[in-house]
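Architecture and fold: a report
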Amino acid sequence: MKIYLNQNVLDAALSRIKYCFDNFDNVLVAFSGGKDSGVLIELCHDYARQHGLVHKMAMYHVDYEAQYEKTTEYVTETFDRMDDIRRFWLCLPISAQCAVNMRNPGIWYPWNPDEQSIWVRPLPQRDFVVHEKNVPFKFNPGVSDYEMQEAFCKWFSKTYGKTAVLIGIRTDESLNRFRVIASSRRVNVYKDKPWILGVGDGLTFKAYPIYDWSSEDIWVANAKFGYKYNRLYDLMYQAGVKLENMRVASPFNDCAITALKLYKTIEPDTWARLVGRVNGVNFAGIYGGTTAMGWRNIKLPRGYTWKQYCSFLLDTLDKPLRQNYEKKLQTSIRFWQYKGGALSDKTIAELKKSKHAHGNKGKVSRTSNKDVITFPEYPDDLDITDFKSVPTYKRMCICILKNDYFCKYMGFAATKEETLRKRIALDIYKCLWGDIK
């Protein structure tokens with residue numbers, strides 16, 4: 001294990017866990033069924049038992065319905081074994097990220113009661129399972145998984161007292177995870193502890209005790225202490241998956257799409273149910289690791305410009321989806337032609353070398369080092385280091401291939417109209433839900 005401030009990461013994690021038990025009324029562990037949260041919950045449970053603090057500990061699991069049987073087996077075994085703490089197994093009809101569904105772009109609805117006949121597996125039967133008929137907190141069907149978790153954690157804190165929600169993420173997995181701990185712009189840091197952040201209600205705090213661990217550290221801990229773990233990882237290893245690429249997550253999100261085909265090899269019966277559950281699964285299973293969906297290595301077909309390829313991709317979509325992307329593209333073209341965007345000096349210098357026609361409207365402000373640049377002709381492609389900062393037809397092609405409905409890759413956010421449509425849909429769903437109940 002690596003050394004951190006004269007401590008190995010195990011000792012550092014244990015000191016953080018101790019701090020949480022000493023300074024909060026409750027320690028609530030978010031347990032996904034993966035390797036990181038698995039080690040975290042074992043460390044916390046061991047500490048709680050050794051110090052007579054099991055009454056302060058709780059756990060919760062968000063079940064996305066579509067998952068490996070091995071994951072369900074591991075989660076079930078852990079919940080049954082840790083029967084001396086409070087347990088919450090959440091099986092609720094939320095909206096979850098989906099990068100394969102072309103009929104309902106961007107999301108799918110696990111545990112949707114209207115689709116019970118095609119659920120991947122039946123609802124777990126345990127007293128601690130929280131489903132649509134016994135939700136103890138305010139819940140609107142169709143909210144995002146993150147909104148649901150926040151509502152649950154705040155309800156838990158309000159019910160049981162000041163709570164540290166322990167989350168097993170490691171910063172070496174992604175830049176975004178590193179930013180959670182290292183960013184100087186963070187707010188609500190708890191008592192100068194950069195690994196504990198408040199959520200705004202004064203009772204609920206997110207803590208990341210193993211943020212400085214590596215994948216190797218996780219497996220060293222499992223071997224050293226003989227911890228139970230998800231045996232799915234053994235099957236992934238046998239299937240040739242690299243250690244750093246082993247993930248336990250919803251199979252339809254954009255991070256898991258290239259590994260979706262593993263279901264065919266590891267659990268073919270589950271794969272058959274996935275194909276019948278969400279539109280586009282079979283296509284993603286076949287092409288998830290290719291340039292058809294692997295947009296990072298996108299190549300322009302011979303004889304096409306990016307503008308022509310964009311037009312071709314748009315023609316393959318149904319009318320509502322095509323109109324959505326066309327509207328985003330026209331908005332981008334107008335913005336860069338007339339208003340312009342802020343670019344750094346380095347990007348502008350590279351732009352000059354490219355000899356693509358552009359205009360310069362001057363500095364954004366007196367204190368800014370960026371100029372406002374316009375493009376009288378929307379670029380096809382540009383050889384720019386900061387590729388995402390400039391507009392091109394290539395970027396729109398990437399959005400379409402990513403199934404990026406809101407075109408976040410182009411810098412767009414959900415519009416007021418889109419947000420309003422979502423709110424209206426949720427209100428209708430809520431009314432229907434009341435009728436169903």
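Here's the deal with the packing of aromatic side chains
In the structure shown here, the tally under the stated rule is 33 aromatic pairs. Centre to centre, the rings of Y304 and Y309 are 6.2 Å apart; their planes meet at 70°, and the pair counts as edge-to-face. Among the residues examined, Y304 registers a relative accessible area of 34% and is labelled partly exposed. Taken together, a centroid distance of 6.2 Å and an interplanar angle of 10° make the contact between Y309 and F312 stacked.

Observations concerning the packing of helix 1 (residues 9-23) against helix 2 (residues 35-50)
The interhelical angle for the contact between helix 1 and helix 2, taken along N-to-C directions, is 60°, at an axis separation of 10 Å. Judged by the angle between their axes, helix 1 and helix 2 are oblique. Pair helix 1 / helix 2 crosses with right-handed handedness. Contacts between helix 1 and helix 2 involve L10, L14, I17, K18, F21 and D22 from the former and L40, L43, C44, Y47 and A48 from the latter. Here the contact of helix 1 with helix 2 is composed, by residue class, of 9 nonpolar, no polar and 2 charged.

Some remarks on the packing of helix 11 (residues 306-315) against helix 12 (residues 319-339)
Taken N-terminus to C-terminus, the directions of helix 11 and helix 12 make an angle of 150°; their axes are 9 Å apart at the nearest point. Classified by the angle between their axes, helix 11 and helix 12 sit roughly antiparallel to one another. Contacts between helix 11 and helix 12 involve C310, L314 and D315 from the first element and R322, Y325, E326 and L329 from the second.

Things to note about helix 3 (residues 69-81)
Helix length check: helix 3 (13 residues) gives 18 Å between terminal C-alpha atoms against 18 Å at 1.5 Å per residue, within 8%. The set of residues buried in helix 3 consists of T71, T72, Y74, V75, T76, T78 and F79.

Some thoughts on helix 6 (residues 215-225)
Turning to helix 6, its buried residues are S215, D217, I218, W219, A221 and N222. On the buried face of helix 6, the contacting elements are helix 1, helix 2 and helix 7 (232-238). Just beyond helix 6, the residue with positive phi is G226, at close to 65°.

Observations regarding the sheet that holds strand 8 (residues 129-130)
Taken together, the 8 strands give an open sheet; going across it, the order is 8-5-4-3-9-12-11-10, and neighbouring strands pair in mixed fashion. Only two strands of the sheet have a single partner each, and these edge strands are strand 8 and strand 10 (189-190). Here strand 10 pairs with strand 11 (residues 193-198) via 2 bridges, running antiparallel. Counted as the bridge partner of Y190 is K193 from strand 11. Packing of helix 3 onto the sheet brings it into contact with strand 4 (57-62) and strand 5 (86-90), and relative to strand 5 it is tilted by some 155°. Along the sheet face, helix 4 (residues 145-160) touches strand 3 (26-30), strand 4, strand 5, strand 9 (163-167) and strand 12 (204-207) and points at about 155° away from the line of strand 5.

Comments concerning the pairing of strand 11
Here strand 10 hands over to strand 11 after 2 residues, with K191 in that stretch at a positive phi of 45°. With antiparallel pairing between neighbouring strands as the criterion, strand 11 and strand 12 make up a hairpin whose turn holds 5 residues, including G200 at a positive phi of roughly 110°.

Concerning the sheet that holds strand 14 (residues 359-363)
Spatially, 3 strands are ordered 13-15-14 in an open sheet, and the strand pairing comes out antiparallel. Of all strands in the sheet, those with a lone pairing partner are strand 13 (341-343) and strand 14, marking the two edges. The average angle at which neighbouring strand axes cross in this sheet is 40°, direction not considered. The sheet strands contacting helix 12 are strand 13, strand 14 and strand 15 (371-374), and the helix crosses strand 15 at an angle near 120°.

Concerning the nonpolar core
Considering soluble globular proteins, one finds that nonpolar side chains tend to be buried as a cluster. Ranked by size, the top nonpolar core spans 89 residues in total, and within it Y60, M148, F152, L166 and W213 carry the most contacts. If we ignore the near neighbours within four places in the chain, the residues touching L166 are I17, C20, V27, L28, V29, A30, L40, C44, A207 and P209. By size, the runner-up hydrophobic cluster in this structure holds 34 residues, among which are W306, I333, V390 and Y405.

Regarding the pairing of strand 5
Sheet topology places strand 4 next to strand 5; 5 bridges connect them, and they run parallel. Paired with Y60 across the bridge in strand 5 is F88. What joins strand 4 to strand 5 is helix 3, and the crossover it makes is right-handed. Strand direction decides the pairing type here: strand 5 and strand 8, joined by 2 bridges, are parallel.

Here's the deal with a nonpolar patch on the surface
Residues L300, Y304 and F312 make up a contiguous nonpolar surface patch of roughly 250 Å² in combined accessible area. If you trace the backbone, Y304 turns up in the loop between helix 10 (281-287) and helix 11.

Describing the environment of P141
Tracing the chain through its elements places P141 in the loop between strand 8 and helix 4. By relative accessible area, which is 2% here, P141 ends up buried. Along the backbone, P141 and Y109 are 32 residues apart, and their C-alpha atoms lie at a distance of 9.3 Å.

A word on the environment of H51
Relative to the helices and strands, H51 is located in the loop between helix 2 and strand 4. In this structure H51 comes out as partly exposed when scored by relative accessible area, which is 45%.

What to know about the pattern of salt bridges
Taken as a whole, this structure holds 15 salt bridges when the rule is applied. Residue R170 pairs with D36 through a salt bridge whose shortest N-O separation is 2.8 Å. With a gap of 134 residues between them, R170 in the loop between strand 9 and helix 5 (175-182) and D36 in helix 2 connect regions that are remote in the sequence. A relative accessible area of 0% places R170 in the buried class. Relative accessible area serves as the criterion here: at 8%, D36 is assigned to the buried category. In this structure, R121 engages D63 in a salt bridge whose closest nitrogen and oxygen atoms are separated by 2.5 Å. Here D63 lies in the loop between strand 4 and helix 3 and R121 lies in the loop between strand 7 (106-108) and strand 8, a separation of 58 residues in the sequence. Here R121 matches D63 in class, with each residue buried. Put simply, E42, E77 and R81 are held in one network by salt bridges that share partners.

Quick notes on the rules
In this numbering scheme, every chain counts its residues from 1 along its sequence in written order. Restriction of local features to residues with pLDDT of at least 70 applies here, the model being predicted, together with a cutoff of 80 or more for giving and counting side-chain atom pairs; totals for whole chains, interfaces and linings are based on all residues. As a convention, hydrogens and water are excluded, and side-chain values are obtained from all of the structure's heavy atoms. In this analysis, rings of Phe, Tyr and Trp, with Trp reduced to its six-membered ring, are considered paired at centre separations within 6.5 Å, and the interplanar angle assigns stacked below 30 degrees, edge-to-face beyond 60, and tilted for intermediate values. Only protein chains enter the accessibility calculation, which uses a 1.4 Å probe. A residue is then buried if its area is under 20% of the maximum for its type, exposed if over 50%, and partly exposed in between. For helices, the fitted line uses only the C-alpha atoms of the stretch in contact; every axis is such a line through C-alpha atoms, and the angle between N-to-C directions lies from 0 to 180 degrees. The helix and strand labels rest on DSSP assignments: H or I over at least four residues marks a helix, E over at least two residues marks a strand, and numbering proceeds from the N terminus. An angle below 35 degrees is read as roughly parallel, one above 145 as roughly antiparallel, one from 65 to 115 as roughly perpendicular, and any other as oblique. In this scheme the crossing of two helices becomes right-handed for a clockwise turn of the near helix relative to the far one and left-handed for an anticlockwise turn of less than a right angle. What makes two residues a contact is simply this: any of their non-hydrogen atoms within 4.5 Å. Three residue categories are used. Nonpolar comprises Ala, Val, Leu, Ile, Met, Phe, Trp, Tyr, Cys and Pro, charged comprises Asp, Glu, Lys and Arg, and polar comprises the others, including Gly. In this analysis, the expected span of each helix is defined as 1.5 Å times one less than the number of residues it contains. Pairing between two strands requires that DSSP report at least two bridges joining them. Take the buried residues of types Ala, Val, Leu, Ile, Met, Phe, Trp, Tyr and Cys, join any two whose side-chain atoms come within 4.5 Å, and each joined set is a nonpolar core. Look down the strands so they point away from you; if going from the first strand over the helix to the second traces a clockwise path, that crossover is right-handed. By definition, no residue in a patch forms a salt bridge, and every one has over 30% relative accessible area; like charges are joined within 9 Å, nonpolar side chains (Val, Leu, Ile, Met, Phe, Trp, Tyr) within 5 Å. Exposure was quantified through the Shrake-Rupley algorithm and a 1.4 Å probe, taking into account, for residues, occlusion by the shown protein chains and nothing else. A pair is scored as a salt bridge if a Lys or Arg side-chain nitrogen falls within 4 Å of a carboxyl oxygen belonging to Asp or Glu.

Everything listed is a geometric property; what it means functionally is a separate question.
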